[in-house]
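Here is what each chain is made of, one letter per residue.
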Amino acid sequence: MQTSNQNKSQFLFRLFLTSTLLTLTPTISFIPPTLAQRQLDFATQGCRGVPQEAYFRTENYHINICQGQSDLFMAVSYINGQLFDRFSVQRQADGYAGNSQKASYQVNSKMFTIQPNNNQRPISERVMRMQGNQGNQRPQESKVTGTITYRQRIALPQNSTVVVILQDTTSPNRAPRNITQQTIPLRGQQVPVPFSLIYNSAQIQPNGIYRIRAEIYVDGRLTWANMNQDRVITGGNPNNIEVIVQPVN
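From a predicted model like this one, the values you see are computed outputs, not experimental measurements.

Comments concerning the sheet that holds strand 2 (residues 61-67)
Taken together, the nine strands give an open sheet; going across it, the order is 8-7-6-5-4-3-2-1-9, and neighbouring strands pair in antiparallel fashion. Because the sheet does not close on itself, it has two edges, and the strands there are strand 8 (123-126) and strand 9 (129-132). Taken pair by pair, the neighbouring strands of this sheet meet at an average axis angle of 20°, ignoring direction.

Encoded structure:
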């Protein structure tokens with residue numbers, strides 16, 4: 001009789017346990033989506049608390065354009081959320097560009113490009129998603145165009161890169177302020193190298209002093225630069241210019 005009661009108790013316990021597990025199963029299956037919602041949404045929070053201007057997504061990267069205290073910066077992260085690089089950027093006609101200690105970067109509605117500073121092959125990925133203010137009510141834009149060249153009869157190596165920067169040099173007591181820039185991997189191209197710098201005309205003051213800084217890098221090392229004050233835009237100076245660079249010792 002005692003054995004019969006024990007078997008009955010075991011049966012009731014198993015029945016209770018099975019019923020409890022069946023009841024909890026929907027709750028357990030609901031936990032992962034709830035936790036997933038708490039993960040960082042890079043499309044809206046990638047700037048980590050500061051205002052966000054734009055967001056781009058490629059196959060392997062999140063690219064956030066963030067509004068810092070004095071300028072814009074780009075935060076590039078891998079898809080898994082690990083920060084890859086962070087640096088100041090400037091607006092371009094259809095996107096953003098900037099340099100860090102690792103590489104130069106350009107992003108627009110179609111393409112994201114990383115050009116490593118050691119002149120390794122650039123990384124380019126198609127933009128799969130974007131959001132933000134890019135393309136909406138752009139400020140009036142102008143451009144400085146021209147060519148970069150030198151007088152010496154020397155061929156540039158295959159892995160050379162030209163960097164052209166529009167700088168505000170109005171204040172003699174401060175370092176030049178970069179307004180916009182263009183990075184041009186040459187891949188065997190020789191001088192003269194054409195360039196086109198698009199800038200927001202609201203950043204230009206009538207009495208300001210603006211110049212072009214041109215540099216040529218070989219294997220990530222600065223080898224050519226312009227030594228003259230190549231002024232543009234204001235003070236009767238042109239928006240089209242030939243910039244002559246010289247060897248850097």
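Notes on the pattern of salt bridges
Tallied over the entire structure, the rule returns four salt bridges. Between E242 and R151 there is a salt bridge, with its nearest N and O atoms 3.7 Å apart. Separated by 91 residues along the polypeptide, E242 in strand 17 (residues 240-244) and R151 in the loop between strand 10 (141-149) and strand 11 (160-168) bring together distant segments of the chain. In this structure E242 comes out as partly exposed when scored by relative accessible area, which is 44%. Relative accessible area serves as the criterion here: at 56%, R151 is assigned to the exposed category.

Parameters and conventions
Residues numbered from 1 in each chain as written. Predicted model: local features only at pLDDT ≥ 70, side-chain atom pairs only at ≥ 80, totals over all residues. Heavy atoms only, no water. Pairing = 2+ DSSP bridges. Helix = DSSP H or I, 4+ residues; strand = E, 2+ residues; numbered from the N terminus. Axes fitted to C-alpha atoms, helices over the stretch in contact; angles between N-to-C directions. Salt bridge = Lys/Arg side-chain N within 4 Å of Asp/Glu carboxyl O. Buried < 20%, exposed > 50% of the residue type's maximum accessible area, 1.4 Å probe, protein only.

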